[in-house]
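Chain by chain, the residues:
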Amino acid sequence: MNCTHDLSPIDIVTYVTEELQQNYKKSSSPKEKAKLFDDFFDRWANSKHDISIARLKSIKFDFAADLDWFNVSQALSLRQLHGKIVLLDFFTYCCINCIHVLPDLYALENRFPIEKGLVIVGVHSPKFENERMATNILSAVQRYGITHPIVNDSHSELWHALGIRCWPSILLLSPNGVPMLLLMGEGHGSFLQEFIEAALSFFGRHKNIENFSLPLKLSEDMQPASNLRFPAKIARSQLGHRYAIADAGNNRVLVVLNNGVVEYKIGGFESGFIDGDFATSRFNNPQGITFLDEDTLIVADTKNHALRQISLRAGFVETLVGTGHQCSERTGGRTGPLQSISSPWDVAIFRTRDMDMSFHLDERNVLEKTIILISMAGTHQIWGYFPEGIIWWKFRKFEPRCCVSLIGNGLEENRNNSYPQNAAFAQPSGIAMAEDFLFIADSESSSIRKASMLDGKVMPVVGGDRNPLNLFAFGDLDGKLFNAKLQHPLGVAYNHVNDKVYVADTYNHKIKVIDPDTNTISTLSIRNSEGNPISFKEPASICLSADGNQLLVADTNNHTIVNVDLKTLSSQPFLLDFSRVTTSNQTEIKNQSMLLKTLPFYQKSTINFIIKLSSNLKYATESPQKWLLTSLNKGVKVNSTSGCLDKGYVELQVELVDNILIDNNNPIFVIQFLLNLCDTMYCLMKRFSIVINQERTKTAEKTPQFRHDININIDRSKISL
């Protein structure tokens, strides 16, 4: 393209990017794609007669001086990065779409390290005033585990110089620092991998890539102040004896008594997506949490894009919804783990009677059914999960265990409407039930809103703007409806005692209270134990005690929980006592069968587990039949550690590890099965483990390979080998 001088440089890059992507989609073979990329890069190498590329080469831009940098020991300049393919990620740390891009960047960093020619630089270009502060950005860098260099472009100078228009935007520069490609939004991971691989190959052949390193140094100046790390939501059991804390930075859930004694630690410090007992299970940055009953928790496992359930009685974690991968659909409707979702941020419980039009002599005797409401930040909607199935709004039937969009059309707006599918949210991040209303902390519109659970109507409460497209109406101002101003609120809680709604006004570092009768909000003047005004740092959530007199605050960037007396507005740390729980799993797993099997083991062994159901049992339709290894001896390795049964069959390849002796004090491995079964009347869950021990044998050296078939017989009341 030889463009006219009427187009800005960013428009030129946008045009050539769209042209490349269109041709890329038309390419049907790797050979065609390779030629397409080579022709594209050749324009930058030989552009004497290409006016548009010459124009891009003529623009001058760089990072401003005296900016704050993270993960490097000294400031960088774009000129200093000549000889590398440079990826500039223009982001703001509140943006859910920017968060969705991070896994793509992690994958690029691992595949193309700096020495091989790729440098990723995050250019933090803030939306909110609070995001200009270096300390808050540092907290976000640590919270999200970002290891590449980040610059705090607090006044968005590079953004404006280049004409960047939205978050996130990824701009790729050639080894000479010339803009080549501009990708806006999320979902470009696979294309980026191929583009960068081709770019490094092309410019490497032309001797344009240099293998120098950078002065990397992870920014770790802010150390966590407690055993917590960036605590997110807090929930209270109905009776008030327990609290649950989503310890997001540690990828785990804590269950504590109301005196601070930790009962359970669920999950581990390392992230993962594993069902199992409390020691084996893994989460990834869980944000939302609520009690389904006194012994059951529902978790919004945010970075796993999943809804998880924790049974304290059984000592087990299972996945209700989600595949572990982000989806972009706005409708839903599939069953359980078959339905993929996008960045669930909070959860709440609503119970209502079935609208099946059946006649009942006494409506009060009709049992209520449970709906788990989900603030789906990734798609800007409110979704619902239906454990039992129900007939609800406008007599719509929701099947058991389905997960479906309920409120919001998926557009990022602050649009209130009488019809739930015509309303729109902007990254809903906190929800709280209050009788028949769901209060919503709509973070990107900086407002609190509510939705009727009778018909789905969405209404304003405080904050934001009358114009549904204005997502920049933020500030710090008490008042009524749209005259009040907040800044990226993440938490909301309803007090059933005084009928007030409490808000974590996150980026204003304050706790506020709403009178829902008048739609007015005011700031609470909370003081610390010394009588001075308390200094919160981006509090993410709040939770009320059973009597409504105490307010627990997740003081997220201070890595602590604060207990506020609502009568005196005095506060003190809510200290956690970890002395009665250890990192090992001490939970007694009840109602679970433990079977033993002793086998001879050779250099390589194949073990087949064959499930045989009695004639009156069958596998539940569309429900996953899962297995996982909960223990593995250090002296062996296996081909897989978890999965789903294939027609009642699991095959494991077990191999002895060279130069490592088997630990004879422990089993070879423990395999756990979680089966969803049905008979003619009921559905039931069967969970059991098989402990595989080693048989002492003298024939191991003579028999390098061996095969074992283990038949597992299951009827309604018994499991046997």
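The preceding data block contains the structure.
All of these numbers come straight from a predicted model, not from anything done at the bench. (Residues numbered from 1 in each chain as written. Predicted model: local features only at pLDDT ≥ 70, side-chain atom pairs only at ≥ 80, totals over all residues. Heavy atoms only, no water.)

1. Here we look at helix H4 (residues 96-111)
(1) Moving on: Along H4, the residues classified as buried are Ile96, Asn97, Cys98, Ile99, His100, Val101, Leu102, Leu105, Leu108 and Glu109.
(2) Moving on: In this structure, the buried side of H4 is in contact with strand S2 (85-91), strand S3 (118-124), strand S5 (169-173), helix H7 (189-205) and strand S17 (344-353). (Buried < 20%, exposed > 50% of the residue type's maximum accessible area, 1.4 Å probe, protein only. Helix = DSSP H or I, 4+ residues; strand = E, 2+ residues; numbered from the N terminus. Contact = heavy atoms within 4.5 Å.)

2. Considering the environment of Gly643
(1) Moving on: Relative to the elements of secondary structure, Gly643 occurs in strand S41 (residues 642-644).
(2) Moving on: For the pair Gly643 and Lys626, spaced 17 residues apart in sequence, the C-alpha to C-alpha distance is 5.8 Å.
(3) Moving on: The contact partners of Gly643, leaving out residues within four places of it in the chain, are Gln625, Lys626 and Trp627.

3. Concerning the pairing of strand S34 (residues 560-565)
(1) Moving on: Across six bridges, strand S33 (residues 550-555) lies against S34 in antiparallel orientation. Counted as the bridge partner of Ala554 is Ile561 from S34.
(2) Moving on: In textbook terms, the turn of a hairpin is the stretch between consecutive antiparallel strands, and for S33 and S34 this stretch comprises four residues, one of which, His559, has a positive phi near 55 degrees.
(3) Moving on: Pairing geometry for S34 and strand S35 (residues 571-573), over three bridges, is antiparallel. The residue bridging Val562 from the neighbouring strand is Pro573, located in S35.
(4) Moving on: Connecting S34 to the antiparallel partner S35 that follows it, the hairpin turn spans five residues, and Leu569 within it adopts a positive phi of roughly 60 degrees. (Pairing = 2+ DSSP bridges.)

4. Brief notes about helix H5 (residues 134-143)
(1) Moving on: For H5, a buried count of eight out of ten residues is recorded, marking the element as mostly surrounded by other parts of the structure.
(2) Moving on: When H5 is considered as a whole, its buried residues turn out to be Asn136, Ile137, Leu138, Ser139, Ala140, Val141, Gln142 and Arg143.
(3) Moving on: Its buried side turned inward, H5 meets strand S1 (68-70), S3 and strand S4 (150-152).
(4) Moving on: Among the residues trailing H5, Gly145 stands out with phi positive, at a value near 65 degrees.

5. Remarks on the sheet that holds S3
(1) Moving on: Taken together, six strands build an open sheet; the order of strands is S1-S4-S3-S2-S5-S6 and the sheet is mixed. Each end of this open sheet is capped by a strand with a single partner; those strands are S1 and strand S6 (179-184). On average, each strand axis in the sheet is inclined to that of its neighbour by 20 degrees, with strand direction left out of account.
(2) Moving on: Taken strand by strand, helix H1 (residues 9-26) contacts S5 and S6, and its axis lies near 75 degrees from that of S6.
(3) Moving on: The strands touched by H4 are S2, S3 and S5; relative to S2, the strand with the most contacts, the crossing angle is about 160 degrees. (Axes fitted to C-alpha atoms, helices over the stretch in contact; angles between N-to-C directions.)

6. So, the side chain of Thr290
(1) Moving on: By the secondary structure assignment, Thr290 is in strand S12 (residues 286-293).
(2) Moving on: On the accessibility criterion, Thr290 (13% relative accessible area) is buried.
(3) Moving on: Look past the residues within four positions of Thr290 in its chain and what remains in contact with it is Ala235, Thr296, Leu297, Ile298, Val347, Ala348 and Ile349.

7. Topic: the sheet that holds strand S29 (residues 500-505)
(1) Moving on: An order of S27-S31-S30-S29-S28 is seen for the five strands of this open sheet, with the pairing classed as antiparallel. Edge positions in the open sheet fall to strand S27 (479-480) and strand S28 (491-495), since each of these has one partner strand only.
(2) Moving on: Of the pairings in the sheet, the one linking S29 to strand S30 (residues 510-515) comprises five bridges and is antiparallel in character. The residue of S30 that forms the bridge with Val503 is Lys512.

8. Remarks on the pattern of salt bridges
(1) Moving on: Counting across every chain of the model gives 25 salt bridges.
(2) Moving on: One salt bridge in this structure joins Glu263 and Arg242, with 2.6 Å as the shortest N-O distance. In this pair, Glu263 is assigned in strand S10 (residues 262-267) and Arg242 in strand S8 (residues 242-247), connecting sequence segments 21 residues apart.
(3) Moving on: According to the relative accessible area criterion, Arg242 is buried, its value standing at 13%.
(4) Moving on: Connected through salt bridges with shared partners, the residues Arg242, Glu263, Asp295 and Arg313 form a single ionic network. (Salt bridge = Lys/Arg side-chain N within 4 Å of Asp/Glu carboxyl O.)

9. Quick word on the packing of aromatic side chains
(1) Moving on: For the structure shown, the criterion picks out 29 aromatic pairs.
(2) Moving on: When the ring of Trp159 is compared with that of Trp167, the centres are 5.0 Å apart and the planes differ by 40 degrees; the resulting orientation is tilted.
(3) Moving on: Among the aromatic residues, ring-to-ring pairing joins Tyr24, Phe37, Phe40, Phe41, Trp44, Phe191, Phe195, Phe202 and Phe203 into one connected group.
(4) Moving on: Taking the ring centre of Phe212 as reference, the NZ or CZ of Lys84 above it sits at 4.4 Å.
(5) Moving on: One cation-aromatic arrangement involves Lys450 over Phe437; the distance from NZ or CZ to the ring centre is 4.5 Å. (Phe/Tyr/Trp six-rings, centres within 6.5 Å; stacked < 30°, edge-to-face > 60°. Lys NZ or Arg CZ within 6 Å of the ring centre and 35° of its normal.)

Function cannot be inferred from these measures alone, as they are strictly geometric.
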